[in-house]
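Architecture at a glance
So the chains spell out like this:
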Amino acid sequence: MRIAVAQLSCVPVDIDANVEQMAALAKEAAQLGAELVVYPELALTGYEPDDLAHDPTRWTHPKDPRLTPLRTAGIATVVNGVAATENGPAITTFVFGPDGDLLTTYRKQHLYAEERWVFTPGNTDGRFELGGVRFGLATCFDNHFPELTARAHDDDCDVLLASSLYGSEAGMTERATVYPAIAERDRMFVALANHVGAAGEWIGCGRSAIWAAGGELLAEADGTSAMAVAADIG
């Protein structure tokens with residue numbers, strides 16, 4: 001099976017514009033032979049916590065017509081934005097299968113900095129299967145908690161999919177250490193989708209990548225361009 005990670009520069013709080021970019025990247029991923037593509041954290045809106053906090057028109061749900069181009073992309077899409085819960089808005093991942101069906105929903109469990117005052121944390125792990133491969137989900141800061149990624153390993157996941165935002169020199173260092181370490185420690189393939197360019201107060205450093213179980217780098221995007229890269233995961 002081949003999977004892809006995609007990076008983009010999001011238009012702040014413009015779901016339609018970002019979906020258009022994401023659909024183009026899904027097409028690019030499919031042309032690379034990928035059956036699944038992963039997008040960065042809050043790719044639907046850009047990383048704009050203050051703007052997202054109190055405006056439900058900037059939230060989404062699995063049947064949101066604005067997501068139709070992603071549900072009909074012809075490959076599985078791992079899409080991150082904001083969705084309502086009974087306790088308030090949450091940073092949420094929807095996984096759509098190649099036929100557009102919802103395969104699973106995951107909410108970020110470990111909120112970072114000001115996210116704690118804006119969003120509601122999730123409390124369940126995300127899992128799904130596609131093409132005989134078992135996947136786990138984690139969103140950005142989640143990946144800094146070894147117990148979360150260890151649960152994916154213990155639950156027989158083959159691949160960890162990480163929608164994230166890393167920027168600046170410090171972010172580059174974190175990105176280069178956290179994800180290969182997960183692949184080595186937890187013996188899973190790891191796919192990181194990161195922002196590139198402006199993302200709220202950050203400048204995404206790109207370098208979206210896929211590592212093999214054990215930590216070998218299989219594919220890596222550059223640090224400046226909107227693009228998708230792909231690798232085989234067995």
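This next bit is on the overall build of the protein. When helices and strands are counted, the protein shows six helices and 14 strands. Against the globule reference of 17 Å for 234 residues, the protein gives a C-alpha radius of gyration of 16 Å, in line with a compact fold. If one aligns the C-alpha atoms of the protein with their principal axes, the spans along those axes are about 40 × 35 × 35 Å. Each of the 234 residues in the protein was classed as buried or not, and the buried ones make up 56%. For the protein, long-range pairs separated by at least 24 residues make up 63% of all intrachain contacts whose partners lie at least 6 apart in sequence.

Here we take up the nonpolar core. By size, the foremost hydrophobic cluster in this structure holds 44 residues, and its most contacted members are Ile 3, Leu 36, Phe 135, Leu 161 and Tyr 179. Top contributing element to this core by residue count: strand 9 (residues 189-193), with five residues. When near neighbours in sequence (up to four residues on either side) are disregarded, Ile 3 contacts Ala 34, Leu 36, Phe 135, Val 159, Leu 161, Ala 191, Ile 210, Val 229, Ala 230, Ala 231 and Ile 233. One finds Ala 6, Ala 34, Tyr 39 and Phe 94 within the second-largest nonpolar core, a separate group that totals 24 residues.

Read from one edge of the open sheet, six strands run 5-4-3-2-1-14, paired in mixed fashion. Looking at strand neighbours, the two that pair on one side only are strand 5 (102-107) and strand 14 (227-232), the edges of this open sheet. Pairs of neighbouring strands in the sheet enclose a mean axial angle of 30°, with direction left out of account. Two strands pair when backbone bridges link them, and strand 1 (residues 2-7) and strand 2 (residues 36-38) are joined in this way by three bridges, in the parallel orientation.

Sheet analysis places strand 4 (residues 88-96) next to strand 5, joined by five bridges and oriented antiparallel. By the bridge assignment, Val 95 is partnered in strand 5 with Thr 104. Between strand 4 and strand 5, which pair antiparallel in sequence order, lie five residues; one of them, Gly 100, sits at a positive phi of approximately 90°.

Let us now look at helix 5 (residues 146-154). What helix 5 keeps buried is the set Leu 148, Thr 149 and Ala 152. Projected down its long axis, helix 5 shows its buried positions confined to an angular sector of 90°, all on one face.

Once that is clear, we can look at the side chain of Arg 175. Within the fold, Arg 175 resides in helix 6 (residues 168-186). In terms of polar contacts, Arg 175 uses its side chain to reach the side chain of Glu 220, at 2.6 Å. Ignoring anything within four residues of it in the chain, the contact list for Arg 175 reads Tyr 166, Pro 180, Leu 192, Cys 205, Gly 206, Arg 207, Ala 209, Trp 211 and Glu 220.

One pass over the full model with this rule turns up zero disulfides. For the unlinked cysteine Cys 140, the closest cysteine sulfur is that of Cys 205, found at 10 Å. The thiol of Cys 157 is not disulfide-bonded; the next cysteine sulfur, from Cys 140, is found 19 Å away. When its relative accessible area of 5% is taken as the criterion, Cys 157 is described as buried.

What counts, and at which threshold
- Residues numbered from 1 in each chain as written.
- Predicted model: local features only at pLDDT ≥ 70, side-chain atom pairs only at ≥ 80, totals over all residues.
- Heavy atoms only, no water.
- Helix = DSSP H or I, 4+ residues; strand = E, 2+ residues; numbered from the N terminus.
- Rg over C-alpha atoms; globule rule 2.2 N^0.38 Å.
- Buried < 20%, exposed > 50% of the residue type's maximum accessible area, 1.4 Å probe, protein only.
- Contact = heavy atoms within 4.5 Å.
- Core = buried A, V, L, I, M, F, W, Y, C linked by side-chain atoms within 4.5 Å.
- Pairing = 2+ DSSP bridges.
- Axes fitted to C-alpha atoms, helices over the stretch in contact; angles between N-to-C directions.
- Arc of directions from axis to C-beta.
- Polar contact = N/O pair within 3.5 Å; in protein donor to acceptor, adjacent residues only side chain to side chain.
- Disulfide = S-S within 2.5 Å.

Interpretation in functional terms is not warranted from these geometric data alone.
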